[in-house]
Amino acid sequence: GDARLLARARDAADALLQGPFASSPTVLPRMFDVLYPPRGGNILYTLYSKLYAWGRDTFTNEHMYNSLAGVGSFSLEFYFLSQILGTDEYRNAADKIFQHLGRYEGNDGTVPSYWNVMTGEPTHTNGGLGSGSDSFIEYLLKVPLLACARSAHDTLACDDQHRFLKDMLRLYHKIVKLVRSEHFVLKKGDSSIAYPADNAQYYQLLCFVPGLIALGKVADMPDFALAVSLIQGCHDMYHQSPLGLGPEALVPNHNDNPPSGDKRYLLRPEYVESLFIMYRLSGNQEFQDLGW
């Protein structure tokens, strides 16, 4: 690879650690902050950053909050960066976040979606899979797939020194059970089609779930039939649309005309990502054709 890109990636990670991470009194980074220049700043930058911090803390409170997805998004990137640089610094920052969040894990495996980063406490106890939670859920499997080796028996073997990887896999397994039990709505008249849902409502953002469940095949936790049902639900939402583009959110199986929900299309990639994963894992061209 290009060493210049790796250097810039390290600069970006250092700027995050020295900005939104360092300015938070807890292990959860602020949502907004000035990025500290890792190669040093001049006097104008120093004055600006102090003025920004004063104005932010005096007149706004948005910086005090972050979503589960917002703080959980660092895990995959920081693990990868630690891996290629041979340093634990970035992975340790991600592990501290996961350890803190894990203290608030519900019996069903969900974690509260929104947090006060100044106190480290959730703003409410509601958890889910979609908006506010999705990246955290998605990386529960992808980080172990990146960081764990394959054993002699071709199973995923996570180093005992990095116990958080095993905790991520355990939580991923609970989330799959939760999806199987309540996070879908079957299509009336065709039980082979399941719409991924939060609170009985389909969200296009949740179309990352079929791909995530299908990836369990790589981690020796296959549930491909469930993934197929869910991706068919996402496809059905696209197929029903006059333009062939899926809605942002919709209540399934309702006969309202026009349908009840958010009918916008926001260029979300989750559906196509899941199709790509399922095609690569199965070799079934049907998934590739749906992507076209």
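A brief structural summary. Residues take numbers from 1 onward in each chain, read along the sequence in its written order. It should be noted that, the model being predicted, local features are given only for residues of pLDDT at least 70 and side-chain atom pairs only at 80 or more, the latter also being counted only at that level, while totals for whole chains, interfaces and linings use all residues. Here the side-chain values reflect all heavy atoms present in the structure, with hydrogen atoms and water set aside.

Let's talk about helix α9 (residues 224–240)
Logical step 1: Secondary structure elements follow DSSP: runs of H or I no shorter than four residues count as helices, runs of E no shorter than two count as strands, and numbering proceeds from the N terminus. One fewer than the residue count of a helix, multiplied by 1.5 Å, yields its expected span. Between its first and last C-alpha, α9 extends 24 Å over 17 residues, near the 24 Å set by a 1.5 Å rise per residue.
Logical step 2: Relative accessibility decides the category of a residue: with a 1.4 Å probe and only protein chains considered, values under 20% of the type maximum give buried, values over 50% give exposed, and everything between is partly exposed. Listing the buried residues of α9 in full gives Leu226, Ala227, Ser229, Leu230, Ile231, Gln232, Gly233, Cys234, Asp236, Met237 and Tyr238.

A word on the sheet that holds strand β7 (residues 190–198)
Logical step 1: Strand order in the open sheet formed by five strands is β6-β7-β8-β9-β10, and the pairing between neighbours is antiparallel. Looking at which strands have only one partner, the edges of the open sheet turn out to be β6 (184–187) and β10 (261–262).
Logical step 2: Across two bridges, strand β9 (residues 249–250) lies against β10 in antiparallel orientation. Its bridge partner lying in β10, Ala249 is registered against Asp262.
Logical step 3: Any two residues whose heavy atoms approach within 4.5 Å at even a single point are treated as in contact. Here an angle of 0 to 180 degrees is reported between the N-to-C directions of two axes, which are lines fitted to C-alpha atoms, with helices fitted over the stretch in contact. Strands in contact with α9 are β6, β7, β8 (201–203) and β9; relative to β7, the strand with the most contacts, it is inclined by about 85°. Here the rule is simple: two strands pair whenever DSSP picks up at least two bridges between them.

Focus on the nonpolar core
Logical step 1: Grouped together as the largest cluster of nonpolar side chains are 64 residues, with contacts concentrated most on Phe78, Leu101, Phe136, Ile137, Leu140, Val179 and Ile213.
Logical step 2: Of the residues forming this core, the biggest block, 10 residues, is contributed by helix α7 (residues 163–182).
Logical step 3: The contact partners of Phe78, leaving out residues within four places of it in the chain, are Ala13, Leu16, Leu17, Phe21, Tyr90, Arg91, Ala93 and Ala94. Each nonpolar core is a collection of buried residues, namely Ala, Val, Leu, Ile, Met, Phe, Trp, Tyr and Cys, held together in the definition by side-chain atoms within 4.5 Å.

So, unusual backbone geometry
Logical step 1: At Asn199, a position not held by glycine, the phi torsion is positive, near 55°.
Logical step 2: With respect to the helices, strands and loops of the structure, Asn199 is situated in the loop between β7 and β8.
Logical step 3: On the basis of relative accessible area, Asn199 is assigned to the exposed category, the value being 77%.
Logical step 4: Even without being glycine, Leu267 reaches a positive phi, approximately 60°.
Logical step 5: By the element assignment, Leu267 lies in the loop between β10 and α10 (270–282).

Comments concerning the side chain of Asp134
Logical step 1: Mapped onto the elements of the fold, Asp134 is located in helix α6 (residues 134–147).
Logical step 2: No salt bridge is formed by the buried Asp134; the nearest opposite charge belongs to Arg268, separated by 6.2 Å.
Logical step 3: Apart from residues no more than four positions distant in its own chain, Asp134 is found in contact with Ala69, Leu129, Leu205 and Phe208. The charged-residue count follows a simple rule in which Lys and Arg add positive charge and Asp and Glu add negative charge, with His and chain termini not counted at all. By convention in these notes, a salt bridge is any Lys or Arg side-chain nitrogen within 4 Å of a carboxyl oxygen on Asp or Glu.

Examining the packing of helix α1 (residues 3–21) against helix α5 (residues 89–102)
Logical step 1: The N-to-C vectors of α1 and α5 enclose an angle of 40°; their axes lie 11 Å apart at closest approach. Of the possible angle classes, the one that applies to α1 and α5 is oblique. Once α1 is placed against α5, the crossing between them reads as left-handed. Facing Arg10, Ala13, Asp14, Leu17 and Phe21 of α1, the residues of α5 in contact are Glu89, Tyr90, Ala93 and Ile97.
Logical step 2: Residue type decides the class: Asp, Glu, Lys and Arg count as charged, Ala, Val, Leu, Ile, Met, Phe, Trp, Tyr, Cys and Pro as nonpolar, and the leftover types, Gly among them, as polar. Along the lines of polarity and charge, the residues of the contact of α1 with α5 split into six nonpolar, no polar and three charged. Roughly parallel refers to an angle under 35 degrees, roughly antiparallel to one over 145, roughly perpendicular to one between 65 and 115, and oblique to any angle outside these ranges. Whether a crossing is left-handed or right-handed is set by the direction in which the near helix is turned from the far one by less than a right angle, anticlockwise for left-handed and clockwise for right-handed.

Regarding the state of the cysteines
Working definition of a disulfide: a covalent bond connecting the sulfur atoms of two cysteines.
Logical step 1: Pairs of cysteine sulfur atoms within 2.5 Å are what we label disulfides. In the structure shown here, the tally under the stated rule is one disulfide.
Logical step 2: Here Cys207 pairs with Cys234 through a disulfide, and the sulfurs are 2.2 Å apart. Note on the Cys207 and Cys234 pair: the S-S dihedral is about -115°, so by sign convention the disulfide is left-handed. One end of the pair, Cys207, is in the loop between β8 and α8 (209–214); the other, Cys234, is in helix α9, and 27 residues separate them in sequence.
Logical step 3: A relative accessible area of 0% places Cys234 in the buried class.

Quick word on the layout of surface pockets
Empty space left among the atoms is revealed by rolling a probe the size of a water molecule over them.
Logical step 1: Here a cavity is any set of points on a 1 Å grid over the protein atoms alone where a 1.4 Å probe fits but cannot get out, and a pocket is any open set with protein on both sides within 12 Å along at least 5 of 7 lines; a residue lines the site when it has an atom within 4 Å of a point. Grid points are joined across faces, edges and corners, and a volume is the space filled by probe spheres set on the points. Its volume calculated, the second largest pocket comes out at about 250 Å³.
Logical step 2: Taken together, 14 residues form the lining of the second largest pocket, with Gly130, Ser131, Asp198, Tyr203 and Leu205 sitting closest to its centre.
Logical step 3: Split into classes, the residues belonging to the lining of the second largest pocket amount to two nonpolar, nine polar and three charged.

Quick look at the pairing of β7
Logical step 1: Bridge count for β6 against β7 is four bridges, and the pairing is antiparallel. Directly across from Val185, in β7, lies its bridge partner Tyr195.
Logical step 2: The antiparallel pairing of β6 with β7 creates a hairpin that spans two residues between the two strands, and Gly189 there sits at a positive phi of about 90°.
Logical step 3: The pairing of β7 with β8 spans two bridges and is antiparallel. Bridge pairing in β8 places Ala197 opposite Tyr202.
Logical step 4: Counting the residues between successive antiparallel strands, the hairpin from β7 to β8 contains two residues, one of them, Asn199, with a positive phi of roughly 55°.

Nothing here speaks to function; it is all geometry.
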